[in-house]
Amino acid sequence: MSLVHWILILNLWILKATSLQAGSRVVLREIGHNIVGGSDPKDYAVELNATNFDAVLKDTLATYAIVEFFAHWCPACRNYKHHYENVAKLFNGPNAVHPGIVLMTRVDCALKINSKLCDKFSVSHYPMLFWGPPTKFPAGWSSNQAKSKLHVIDDGRTAERLLNWINKQIGSSYGLEDEKFENEHLSSNISDPGQIARAVYDVEEATATAFDIILEHKMIKSETRAPLIKFLQLLVAHHPSRRCRKGSAEVLVNFDDLCPLDMWSSDKHDVDTSNMIGVLRNFHICGKDVPRGYWMFCRGSKNDTRGFSCGLWVLMHSLSVRIEDGESQTAFTSICDFIHNFFICQECRQHFYEMCSSVKSPFTKARDFALWLWSAHNEVNERLMKEEASLKTGDPKFPKIIWPPKQLCPSCHHSQGPKDKGGSQINWKRDEVFKFLISCYGNTLVSLYKEKGLLGGDGTTDILEDSSTDAVVVPVGAALAIALASCAFGALACYWRSQQKNRKYYHQLHSLKNI
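Residues numbered from 1 in each chain as written. Predicted model: local features only at pLDDT ≥ 70, side-chain atom pairs only at ≥ 80, totals over all residues. Heavy atoms only, no water.

How do you make sense of empty space enclosed by the protein when you look at a structure like this?
One water molecule sets the probe size; rolling that probe over the atoms shows where empty space is left. One pass over the full model with this rule turns up two cavities of 30 Å³ or more. There is about 70 Å³ of room inside the largest cavity. Around the largest cavity, the lining residues are Thr207, Ala210, Phe211, Ile214, Leu228, Phe231, Leu232, Leu235, Ile285, Leu315 and Phe338. The set of elements that each furnish at least two residues to the lining of the largest cavity consists of α6 (199-216) and α7 (225-238). (1 Å grid on protein atoms, 1.4 Å probe; cavity = no way out; pocket = protein on both sides within 12 Å on 5 of 7 lines; lining within 4 Å. Points joined across faces, edges and corners; volume = space filled by probe spheres on them. Helix = DSSP H or I, 4+ residues; strand = E, 2+ residues; numbered from the N terminus.)

This is the structure we're talking about:
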């Protein structure tokens, strides 16, 4: 075989190897996409394998996790699947009845890719179920580990028995017939100030939901273009979630190209608007996994209470405690204009606009703006308290209150006195209220990110980065091989061309001799 053939084979082999590496990233992205609801629409348990096992369990919001080790060829496993899924649908997916409590997953030990992973857990039979804190699973399990935080579930052969086992572990009384959002076990926000830490995920979801509403209702117009840009600028600088800051920046950088000033002056502005909305939908302002479809801190005991409106208030408060003095008036006008132009509840929008219009002098201090927003929120709550009491439309588990209550901030309250602008018959210590707002909506709000190790020393993280890039990472050895093969192929090509020229030259000479 000639040298040319060998070099061509070498190049083809290297290209195949690199394409497989590129393809593996696509496969991982597909796995990540399927994590939301499983590979089958009817499957709620999350399919894991050796490539994503550690990452998924370390990153989950759930307090507990169950991992089922099975083999797809096992008849008992196939029969058990519907039992496992009946329990998984209570805890997993966007329609979960009890989200954020138990992450239910499965690993197929019959796949070669999972052999070492299953050995790591000393899997002795199928199906074999493990229970424990999600962060403890990457270390594995062995029968001789007496102090292990992971436990084998020894009584879960049916959906009823498995759910009973879970209820005993966490002191709950969940049932297989539980319905979405009708959850009497929700704990009150008043009793635990640390619960606001979970609201960082609600702030992400509220941001993504607001952006979806803007696009769905085609609310970007010539007169609303500037208010949206100003609000995006505020999110880029001060959103508590890094992935929302990044997504907002991507929208902002491309905004002039997608939404030019003269777009509405064209006769084709309807077509241009549809194209713009189609492109903007692909930006995922807070990442591809947001929104999740349920709420954490802002979850109501009924489907039609709290949720998005609560998340939007938390977002505004979190922005108000992150700005500097010189930004206070800009932040005020950005938030007021955003609500006025893009909040789809007309009555709420009008009330908020009236409160904004009542401010006669510009803000010069961030403290003053944060306290005004706090006061405005209490004014809204006080109005809604009366309406909900008369119409009986409030959430019985989370009735509207004047915030913060004494249980959360005793130092914020002087005593009963003249009616203050902050709401009710409370004489507030406004300096203490401002400290509480900074602590609550500033440091505490992002504490879960820090506890889970999602933030590095410089505030960056691989987990919060969008992994949608199509760039191919080529190992050094492969790169050198490609370079050498390319050089050799180039040299051979030059040699071949010179030979062809010589042959042509000699052929011409031979032809001349025959004339």
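Explain the sheet that holds strand β4 (residues 128-132) to me, please; I cannot follow it from the model alone.
The sheet built from five strands is open, its strands ordered β1-β3-β2-β4-β5 with mixed pairing. Looking at strand neighbours, the two that pair on one side only are β1 (46-48) and β5 (151-152), the edges of this open sheet. Sheet analysis places strand β2 (residues 64-70) next to strand β3 (residues 102-108), joined by seven bridges and oriented parallel. If you follow Ile66 over to β3, its bridge partner there is Met104. Sheet contacts for helix α3 (residues 75-91): β2, β3 and β4; angle to β3, the most-contacted strand, approximately 155°. Strand contacts of helix α5 (residues 159-170): β2, β3, β4 and β5, with the helix running at about 20° to β4, the strand carrying the most contacts. (Pairing = 2+ DSSP bridges. Contact = heavy atoms within 4.5 Å. Axes fitted to C-alpha atoms, helices over the stretch in contact; angles between N-to-C directions.)

Is there a simple way to think about the nonpolar core in this case?
Proteins that are soluble and globular tend to have nonpolar side chains buried together. Ranked by internal contacts, the top residues of the largest apolar core, which has 87 residues, are Ile220, Leu280, Val314, Ile335, Phe352 and Trp372. With eleven residues, α6 is the single largest residue contributor to this core. Leave out the neighbours within four places in its chain, and Ile220 touches Ile214, Leu215, Leu228, Phe255, Cys259, Trp264, Met276 and Leu280. (Core = buried A, V, L, I, M, F, W, Y, C linked by side-chain atoms within 4.5 Å. Buried < 20%, exposed > 50% of the residue type's maximum accessible area, 1.4 Å probe, protein only.)

What is the right way to look at the packing of α7 against helix α8 (residues 242-258) in this model?
Axis angle and axis distance: for two packed helices, these are the angle between their axes and the distance between the axes, and together they describe the pair. At a minimum axis separation of 8 Å, α7 and α8 run at an interaxial angle of 145°. In this structure, α7 meets α8 at a crossing whose hand is left-handed. Counting all contacts with α7, which are made through Arg225, Leu228, Ile229, Leu232, Gln233, Leu235, Val236, Ala237 and His238, the residues of α8 involved are Arg245, Ser248, Ala249, Val251, Leu252, Phe255 and Asp256. Within the contact of α7 with α8, the residues separate by chemical class into ten nonpolar, three polar and three charged. (Left-handed = near helix turned anticlockwise from the far one by under 90°. Nonpolar A, V, L, I, M, F, W, Y, C, P; charged D, E, K, R; others polar.)

Is there a simple way to think about the pattern of salt bridges in this case?
Evaluated as defined, the whole model comprises 13 salt bridges. For the salt bridge of Asp325 with Lys365, the shortest nitrogen-to-oxygen distance reads 3.8 Å. In this pair, Asp325 sits in the loop between α10 (308-320) and α11 (328-342) while Lys365 sits in the loop between α12 (346-357) and α13 (366-391), placing the two residues 40 residues apart along the sequence. Between Lys435 and Glu432 there is a salt bridge, with the nearest N and O atoms lying 3.5 Å from each other. A residue pair is termed a helical-turn pair when its members lie 3 or 4 positions apart in one helix, as Lys435 and Glu432 do in helix α14 (residues 430-443) at three residues. A relative accessible area of 53% means that Lys435 is categorised as exposed. Given the relative accessible area of 24%, Glu432 is considered partly exposed. The network of salt bridges with common partners includes Glu47, Glu68, Glu85 and Arg106. (Salt bridge = Lys/Arg side-chain N within 4 Å of Asp/Glu carboxyl O.)

When you look at the layout of surface pockets in this model, what are you seeing that I'm missing?
One number sums up the size of the second largest pocket: a volume of about 1200 Å³. As for the second largest pocket, its lining consists of 47 residues, and the residues nearest its centre are Ser309, Cys310, Trp313, Leu384 and Lys400. Within the residue set of the lining of the second largest pocket, elements represented by two or more residues are α6, α10, α11, α12 and α13. For the lining of the second largest pocket, the element with the highest residue contribution is α10, accounting for eight residues. In the lining of the second largest pocket, the residues fall into 27 nonpolar, ten polar and ten charged.

Can you walk me through α10 in this structure?
Because each turn of an α-helix spans 3.6 residues, side chains separated by three or four positions end up pointing in the same direction. For α10, with 13 residues, the first-to-last C-alpha span of 18 Å sits near the 18 Å given by 1.5 Å per residue. For α10, a buried count of twelve out of 13 residues is recorded, marking the element as mostly surrounded by other parts of the structure. Among the structural elements, α6, α7, α11, α12, α13 and α14 are those in contact with the buried residues of α10. (Expected span 1.5 Å × (residues − 1).)

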